[in-house]
Amino acid sequence: MQRLALVVRRVDRGRGRHRWLLAVPAVLLLVLAARVVSTDPVGYGVPFWPFANGSDRVEYRVMDEVTTIARALRHLDAVPSAVAAEGVEVLEARTGVDTMWMRVRLHVPDGTRCREVTVLGDTGVRVNSRRVDC
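Just so you know, the residues in each chain are numbered from 1, in the order the chain's sequence is written. Confidence filtering applies because this is a predicted model: local features only for residues at pLDDT of at least 70, side-chain atom pairs given and counted only at 80 or more, and all residues used for totals across whole chains, interfaces and linings. In computing side-chain properties, one takes all heavy atoms of the structure into account and sets aside hydrogens as well as water.

With that out of the way, let us pick up the state of the cysteines. A pair of cysteine sulfur atoms is labelled a disulfide when the two atoms are within 2.5 Å. On inspection of all chains with the given rule, the structure shows one disulfide. Through a disulfide, Cys114 is tied to Cys134; the S-S separation comes to 2.1 Å. Here Cys114 and Cys134 share a disulfide; its torsion about the S-S bond, 115 degrees, makes the bridge right-handed. Of the two residues, Cys114 sits in strand 3 (residues 111-120) while Cys134 sits in the segment after strand 4 (126-132), which places them 20 residues apart along the sequence. Think of it this way: any DSSP run of H or I at least four residues long counts as a helix, any run of E at least two long counts as a strand, and we number them from the N terminus.

See below:
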């Protein structure tokens, strides 16, 4: 004999009910992080869409050349002149013991941008930069 039974599936709403309490703050945090990164995508190392435009990509390529030059030279005193030879306008440069600071002006499709570049040569060579007003 065959037995038939009606099966009714119950939905447990207890687990999914408060899931939005985690999703909304996570989305807001991602939006805030994207806004911060989009202010200086070259400085944060994310020169790609949706954070960067064409000028940001050009600026990243120029800063990559500056980093390559700084790592190739033995003396930090020679970095500003080598960077200027590559077409980057060096506005100011200061050299200390195992450190070098310079302010450069870059010509990008949108106009000109300025960056402060710090080269630290204490252990290897580290290059940090940030966008500043011209």
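Here the narrative resumes, following the displayed structure.
Any Phe, Tyr or Trp ring, taking Trp's six-membered ring, that has another such ring centre within 6.5 Å forms a pair; planes under 30 degrees apart are called stacked, those over 60 apart edge-to-face, and the others tilted. Applying the stated criterion across every chain, the model contains one aromatic pair. On the numbers, 6.1 Å between centres and 70 degrees between planes, the contact of Phe48 with Phe51 is edge-to-face. A simple rule labels every residue: compare its accessible area, found with a 1.4 Å probe on the protein chains alone, to the largest value its type can have, and call it buried under 20%, exposed over 50%, or partly exposed in between. With a relative accessible area of 43%, Phe48 lands in the partly exposed category.

A few words now on the pattern of salt bridges. Definition used for salt bridges: Asp or Glu carboxyl oxygen within 4 Å of a side-chain nitrogen of Lys or Arg. According to the stated counting rule, one finds eleven salt bridges in the structure shown. The partner of Arg131 in a salt bridge is Asp40, and the shortest N-O contact between them spans 3.8 Å. One end of the pair, Arg131, is in strand 4; the other, Asp40, is in the loop between helix 1 (20-39) and helix 2 (41-44), and 91 residues separate them in sequence. For the salt bridge of Arg103 with Glu92, the shortest nitrogen-to-oxygen distance reads 3.5 Å. Here Arg103, found in strand 2 (residues 99-108), pairs with Glu92, found in strand 1 (residues 89-95); they are eleven residues apart in sequence, far enough to count as distant. Each member of the salt-bridge network shares a partner with another, and the members are Asp40, Asp56, Glu59, Arg113, Arg115 and Arg131.

The next thing to look at is the sheet that holds strand 4. Strands are labelled as partners when DSSP assigns at least two bridges between them. Strand order in the open sheet made by the four strands is 1-2-3-4, with antiparallel pairing throughout. Where the open sheet ends on each side, the last strands, each with one partner, are strand 1 and strand 4. Taken pair by pair, the neighbouring strands of this sheet meet at an average axis angle of 20 degrees, ignoring direction. Here strand 1 pairs with strand 2 via six bridges, running antiparallel. Directly across from Ala93, in strand 2, lies its bridge partner Met102. Working convention: axes come from line fits to C-alpha atoms, limited for helices to the stretch in contact. Angles between N-to-C directions cover 0 to 180 degrees.

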